[in-house]
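# Examination of the molecular architecture
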Amino acid sequence: MSSSADLLITGARVRTLDPDRPTASAVAVRGGTIIGVGDVDDLRELRGSGTEHLDLGGTATLTPGLTDAHSHPVWGLEMATGTDLTAVRDLDQLRAALAAAPRTEGWVIGWGLDHNAFGDRPVGHALIEDVLGGAPAFLRLYDGHSALASAAALGRAGVTGPRTFAQRAEVVCDQAGRPTGHLVEHAAMDLVTPVLPRPSLAERRAGLVELLSAMAATGLTGAHVMDLGDGSVPAFLAAVEEDTDLPVRLRLAPWCMPGVDREGLEELVRLQREAGRLWRVGGVKFFMDGTVEGGTAWLEEADCHGQGTEAFWPDPAAYTEAVTHLHRTGVRTATHAIGDAAVRHVLDTVEGLGESGRLRHRVEHIESIPQAVAERFVRLGVIASMQPTHTAYTRADHTDAWSRRLGDERAARAWRCRDLRDAGAYLALGSDWPIAHYDVRQVLATARLRRLPGAYDTEPVAPEQALTGLMALEGCTSHAAVAAGEQAVAGRIAPGFRADLTAFGVDPVEAPADELGDAPVRLTVTGGRVVHRGF
């Protein structure tokens, strides 16, 4: 076997995040693994006739490959279909967008709709029916936990009144028992999704590769995928890999929902064996609550609408039993928990596991918690997973739907990223695409700015929670690796680690955060393979 490298990268400032060698100027790769880190002279003997040499010209900074620690690139292809409504700011804009929207098999499909567009009005199809011309419509709100369905869409799905679900979900109805079109949480939305137009398998395959390539162009080499779709995703990904290599490494966590029995838990354990070249099932995703805007975040005290005092699992003890069972079989878990009561219950569950629970379980989102709860993350070894770009849906003056639901006191403790880091917690960062954009540069920049990069007219949300440049980079590299239990093979540039690498035209630690938001990506390498060249 040749001892020479497949790939040699030189001419860069290398931020290794390896405490044994923090900086370097050259990296050598063979067989998808880093085999050398140093300067050009150190690695000269690894260069052979078959080595691809990439000289970045002394103007780039090479870092460990960036990972989106919370994303939905497979399921999101179905969520983010139809008309993009993310720019809609009020009801007039919504009505205009729907009137002009193309029809897909006769349907009006939309996604990314901000709750703030409705102002003080309840979400309901009566506000849009006259611009639809009788067409069925299904509009996903940006939080991914609620949707607005037109009367025609409800009719096609046979939804004529309230329903009872095993999880906290609701078909919102008026006083006469008629559905308003507002569907809250997955079980309610799933009543309509079976009758929606669905892309073909070929379209889904092409769409996934296109999406992952676009993600790689922003510097992403990996994503923690917080779903497994309808269960057909492993076969789907295997089919994609028959034709091509994935541009981004995927680690998928299937959902565990209320009502699961022992057989269902064992199936989740079995799924952990599913893997391909650059994807694998790893862990299980739970929901402890829903969203603040939808009134389904589990709070210690009710929100300003009198809602939010119930868990997503009607019997929270059943959640604890399911997590405990999976833990004993060696399966890691990630739990969606937004409200303070939801986060507390997850931490209580992990505390019950004892010392063996350290660094094996994580909490997603963590939107508003008191300081005492933040400190428990460190004591219990629970990983925090947060999405800085979610702050774009809130306003510093608390006039947005999220803040008005919580009230000033709870809104003031929004997304306590810095408090968690300063306390000593591991903090993995992600986008939650398609809830927010997948561009990892925006994630890094927003973590430092507490507003979107370039939005100079926007006041930062809780600016005291801003991260340093190094903290933000660690959130998408070394801390993301800990969140996946992969810190021995990922998250730093060192011999024996995966050859997942990202090169920026600026230093992501020292460059002004607003410049980082659209900084040139010079190179993205996933598994030793160049998946994006920006030079």
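Everything numeric in this text was worked out from a predicted model, so none of it was measured.

### Describing the overall build of the chain
Helices and strands together make up the secondary structure of the chain, namely 19 helices and 22 strands. Here the C-alpha radius of gyration of the chain, 23 Å, is about what a compact globule of 535 residues would show, namely 24 Å. By its C-alpha atoms, the chain is 80 × 50 × 50 Å across when sized along the principal axes. A burial count over the chain gives 61% of its 535 residues as buried. Averaged over its 51 positive side-chain charges, the chain has a centre that lies 3 Å from the centre of its 71 negative ones.

### Looking at unusual backbone geometry
In this structure, Pro434 follows Trp433 across a cis peptide bond, with omega equal to 10°. Of note, Pro434 is situated in the loop between β19 (427-429) and α16 (440-449). Backbone geometry at Leu17 places phi at a positive 60°, although glycine is not the residue there. Relative to the assigned elements, Leu17 resides in the loop between β1 (7-15) and β2 (23-30). Even without being a glycine, His398 presents a positive backbone phi close to 65°. For His398, the position within the fold is in the loop between β18 (383-386) and α13 (401-406).

### Side note on the pairing of strand β11 (residues 179-184)
With six of six residues buried, β11 is to be regarded as a mostly interior element. The sheet contact formed by strand β9 (residues 146-149) and β11 spans three bridges and is antiparallel. Note that in β11 the partner of Ala147 across the bridge is Leu183. Alignment of strand β10 (residues 170-173) against β11, held across three bridges, turns out to be antiparallel. Paired with Cys173 across the bridge in β11 is Pro179. Between β10 and β11, which pair antiparallel in sequence order, lie five residues; one of them, Gly177, sits at a positive phi of approximately 85°.

### Describing α16
Of all 10 residues making up α16, nine are buried, and the element is well covered by its neighbours. If you check which residues of α16 are buried, you get Val440, Arg441, Val443, Leu444, Ala445, Thr446, Ala447, Arg448 and Leu449. The first or second residue beyond α16 is Arg450, which carries a positive phi of 60°.

### Looking at the packing of aromatic side chains
Counted according to the given criterion, the structure contains nine aromatic pairs. Measuring from ring centre to ring centre gives 5.2 Å for Trp75 and Trp255, while their planes differ by 80°; the resulting arrangement is edge-to-face. One end of the pair, Trp75, is in helix α2 (residues 75-79); the other, Trp255, is in the loop between β13 (249-252) and α9 (262-271), with 180 residues separating them in the sequence. On the basis of relative accessible area, Trp255 is assigned to the partly exposed category, the value being 24%. Where Trp255 meets Phe287, the ring centres are 4.9 Å apart and the plane angle is 90°; that geometry is what we call edge-to-face. Separated by 32 residues along the polypeptide, Trp255 in the loop between β13 and α9 and Phe287 in strand β15 (residues 284-287) bring together distant segments of the chain. Taken together, the ring pairs connect Trp75, Trp255, Phe287 and Phe312 into an aromatic cluster. We note Arg204 situated over the ring of Phe236; from NZ or CZ to the ring centre the distance is 4.4 Å. Positioned over the ring face of Trp298 is Arg344, at 5.8 Å from the centre of the ring.

### Some thoughts on the sheet that holds β2
Ordered by their spatial adjacency, seven strands build an open sheet running β3-β2-β1-β4-β20-β21-β22, and the pairing between neighbours is mixed. Either end of the sheet is taken by a strand with one partner, and the two such strands are β3 (33-38) and β22 (529-533). Sheet twist, expressed as the mean angle between neighbouring strand axes with direction ignored, is 30°. Sheet topology note: the strand β20 (residues 501-504)/strand β21 (residues 521-526) ladder contains four bridges and is antiparallel. Within the sheet, the bridge partner assigned to Leu501 lies in β21 and is Val525.

### Side note on the packing of α9 against helix α10 (residues 316-328)
The contact between α9 and α10 brings their axes to 10 Å, and the two run at 40°. In terms of axis orientation, α9 runs oblique to α10. The handedness of the crossing between α9 and α10 comes out as right-handed. Residues Arg262, Leu265, Glu266, Leu268 and Val269 of α9 touch α10, and the partners they reach there are Ala322, His325 and Leu326. Class assignment of the residues belonging to the contact of α9 with α10 gives a composition of five nonpolar, one polar and two charged.

Cut-offs used in this document
Residues numbered from 1 in each chain as written. Predicted model: local features only at pLDDT ≥ 70, side-chain atom pairs only at ≥ 80, totals over all residues. Heavy atoms only, no water. Helix = DSSP H or I, 4+ residues; strand = E, 2+ residues; numbered from the N terminus. Rg over C-alpha atoms; globule rule 2.2 N^0.38 Å. Buried < 20%, exposed > 50% of the residue type's maximum accessible area, 1.4 Å probe, protein only. Lys, Arg positive; Asp, Glu negative; His and termini not counted. Charge placed at Lys NZ, Arg CZ, Asp CG, Glu CD. Pairing = 2+ DSSP bridges. Phe/Tyr/Trp six-rings, centres within 6.5 Å; stacked < 30°, edge-to-face > 60°. Lys NZ or Arg CZ within 6 Å of the ring centre and 35° of its normal. Axes fitted to C-alpha atoms, helices over the stretch in contact; angles between N-to-C directions. Parallel < 35°, antiparallel > 145°, perpendicular 65-115°, else oblique. Left-handed = near helix turned anticlockwise from the far one by under 90°. Contact = heavy atoms within 4.5 Å. Nonpolar A, V, L, I, M, F, W, Y, C, P; charged D, E, K, R; others polar.

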